[in-house]
Amino acid sequence: MNGTTRALLQKLVTARGPCGQEEEVLAVCVDWFVSHGLEAWHDEAGNLISRIAPASGSAQSNDDSDSIKVFIHADEISFIIKRILPDGTIKLATLGSFGPAFLGQLPVEILGDAGIVPGVLSLGSWHTGEETADVWHAKHGNYDINQYEIITGMDGEALVERGVLPGARVVIAGQHRTLWDMGRLVAGFALDNRAPITATLGAVEMLLEGPAPRSPVYIVCTREEELGSGTAGFAAETLPGSLSLAVDVSPVSPDEYGNEVDPYPTVGLRDDYAVYNKDVADRLVAHALALEMLPGIGIFENYSSDASAAKRLGRTAKAALVGIPMENTHGYEIIHTDAIENTALLLASFLRSPSGPADTLQE
Ligand SMILES: [Zn+2]
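Values in this document were obtained by computation on a predicted structure and should not be read as measured data.

Student: Lay out helix H2 (residues 23–35) with the relevant residues and their values.
Tutor: With 13 residues, H2 extends 18 Å between its outermost C-alpha atoms, agreeing within 8% with the 18 Å of an ideal straight helix rising 1.5 Å per residue. For H2, the set of buried residues is Val 25, Leu 26, Val 28, Cys 29, Trp 32 and Phe 33. Within H2, the buried residues cover an arc of 155° as seen down the axis, which keeps them to one side. Along H2, exposed side chains directed more than 90 degrees from the buried face belong to Asp 31, Val 34 and Ser 35. Residues of H2 that are buried in the fold lie against helix H1 (3–14), strand S1 (41–42), strand S2 (48–52), helix H5 (191–209) and strand S12 (217–222). With its phi angle positive at about 75°, Gly 37 sits one or two positions after the end of H2.

Take a look at the structure:
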């Protein structure tokens, strides 16, 4: 991963993006679009959208009906405060599908109305017996969000004064958002979906440098994807074009999916919500092979994307998925250092020539 790519990834990981409050992440994207000479705007659902113009003079140059919509979700695995007890005990609900055992006990930040309030996602002390029921059950394999609380050192009244109320979002603290390098691997929280965002912006940069895409491309930075179907469906329906392509993560499981933390992207075929259109998937695979990449094949359980959600809801005619192979999804996530740039290369190649790799427009 080159320095520019890594710096953008770190900036995106540092930005907080709980479901429904993704403004910090979207602000990084706006800055990126503007600094690359692109306009960016929000639709009524809060999606951030930018349009990449096709090559001028091409037959399709301004026919928006051929547009391709690329979806990247800006939200991350997070919590919402469910209730606050008078003694300051904060109980949570999850925003996204995951178990708290995937995160452990760690520092968090509460997005209070009056600013950030620090806390610790807590389960309790190990050195306890059966009377400490939540820890006891956790020790015997039962981890559930209702066993956890956030300790802030404040009572209920003080929390309310700080603007901490039910509905406030809770995210992993900034000090745990530094990327962790391990040779050919890099790890961190919220790589879902900041690594795919970084890859997509990398592809946009390649398209701007040329050759340009065959048809107009809409980049849609969405919200609330981790809830199963967020704001993507609205944009899929309201923007022109028949194909919605999500760039998201590709879960790694050597036993189940036969993959590992690969440097090459995965092409989606099916998940819990939809089948991805085979003709599009076949062309994505052809592009990957033409780039001398061996793509992973995505047939996933317990998974959905902005594109499959939009298809399931009847908001898009066609769906496609390009995934970055990721270990520990919805936990402390790990990717290959080359995966972002390879994913960018595949995306740029496909968008230049959606009908097949041999058909790229020349400058
Ligand atoms: Zn996710």
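Student: Give a description of the nonpolar core that names residues and reports values.
Tutor: Phe 33, Ile 219 and Phe 350 are the most contacted members of the largest nonpolar core, which has 41 residues in total. Other than its neighbours up to four places away in sequence, Phe 33 contacts Leu 38, Ala 40, Leu 48, Ser 50, Leu 201, Ile 219 and Cys 221. Of all hydrophobic cores here, the second largest spans 24 residues; its members include Leu 103, Val 117, Leu 123 and Phe 189.

Student: Pulling in residues and values, what's your account of the pairing of strand S5 (residues 90–95)?
Tutor: Examined bridge by bridge, strand S4 (residues 78–84) and S5 share six bridges and lie antiparallel to one another. Its bridge partner being in S5, Ile 81 is matched across the sheet by Leu 92. Hairpin geometry of S4 and S5 is characterised by an intervening segment of five residues between the two adjacent antiparallel strands and by a positive phi of about 100° at Gly 88.

Student: So, the domain arrangement of the protein: which residues are in play, and what are the values?
Tutor: Taken domain by domain, the protein comprises domain 1 (3–76 + 190–359) and domain 2 (78–176). Here domain 1 and domain 2 have C-alpha centroids that lie 32 Å from each other. Across the contact, 12 residues belong to domain 1 and 12 residues belong to domain 2. The interface formed by domain 1 and domain 2 includes one salt bridge. A salt bridge links Glu 109 to Arg 16; its shortest N-O distance comes to 2.7 Å. Here domain 1 and domain 2 share five residue pairs in polar contact (both at pLDDT 80 or more) between them. In terms of residue class, the side of domain 1 that touches domain 2 is made up of four nonpolar, five polar and three charged.

Student: Could you give an account of the packing of H5 against helix H9 (residues 339–352), naming the residues involved and the relevant values?
Tutor: Axis separation between H5 and H9 bottoms out at 8 Å; the angle between their running directions is 50°. Regarding the angle of H5 to H9, the classification is oblique. Where H5 crosses over H9, the two elements pack in a sense that is right-handed. On H9, the residues that touch Ala 195, Thr 198, Ala 199, Thr 200, Gly 202, Ala 203, Met 206 and Leu 207 of H5 are Ile 340, Glu 341, Thr 343, Ala 344, Leu 345, Leu 347, Ala 348, Leu 351 and Arg 352. Within the contact of H5 with H9, the residues separate by chemical class into 11 nonpolar, four polar and two charged.

Parameters at a glance
- Residues numbered from 1 in each chain as written.
- Predicted model: local features only at pLDDT ≥ 70, side-chain atom pairs only at ≥ 80, totals over all residues.
- Heavy atoms only, no water.
- Helix = DSSP H or I, 4+ residues; strand = E, 2+ residues; numbered from the N terminus.
- Expected span 1.5 Å × (residues − 1).
- Buried < 20%, exposed > 50% of the residue type's maximum accessible area, 1.4 Å probe, protein only.
- Arc of directions from axis to C-beta.
- Contact = heavy atoms within 4.5 Å.
- Core = buried A, V, L, I, M, F, W, Y, C linked by side-chain atoms within 4.5 Å.
- Pairing = 2+ DSSP bridges.
- Domains from an automatic or database assignment.
- Salt bridge = Lys/Arg side-chain N within 4 Å of Asp/Glu carboxyl O.
- Polar contact = N/O pair within 3.5 Å; in protein donor to acceptor, adjacent residues only side chain to side chain.
- Nonpolar A, V, L, I, M, F, W, Y, C, P; charged D, E, K, R; others polar.
- Axes fitted to C-alpha atoms, helices over the stretch in contact; angles between N-to-C directions.
- Parallel < 35°, antiparallel > 145°, perpendicular 65-115°, else oblique.
- Left-handed = near helix turned anticlockwise from the far one by under 90°.

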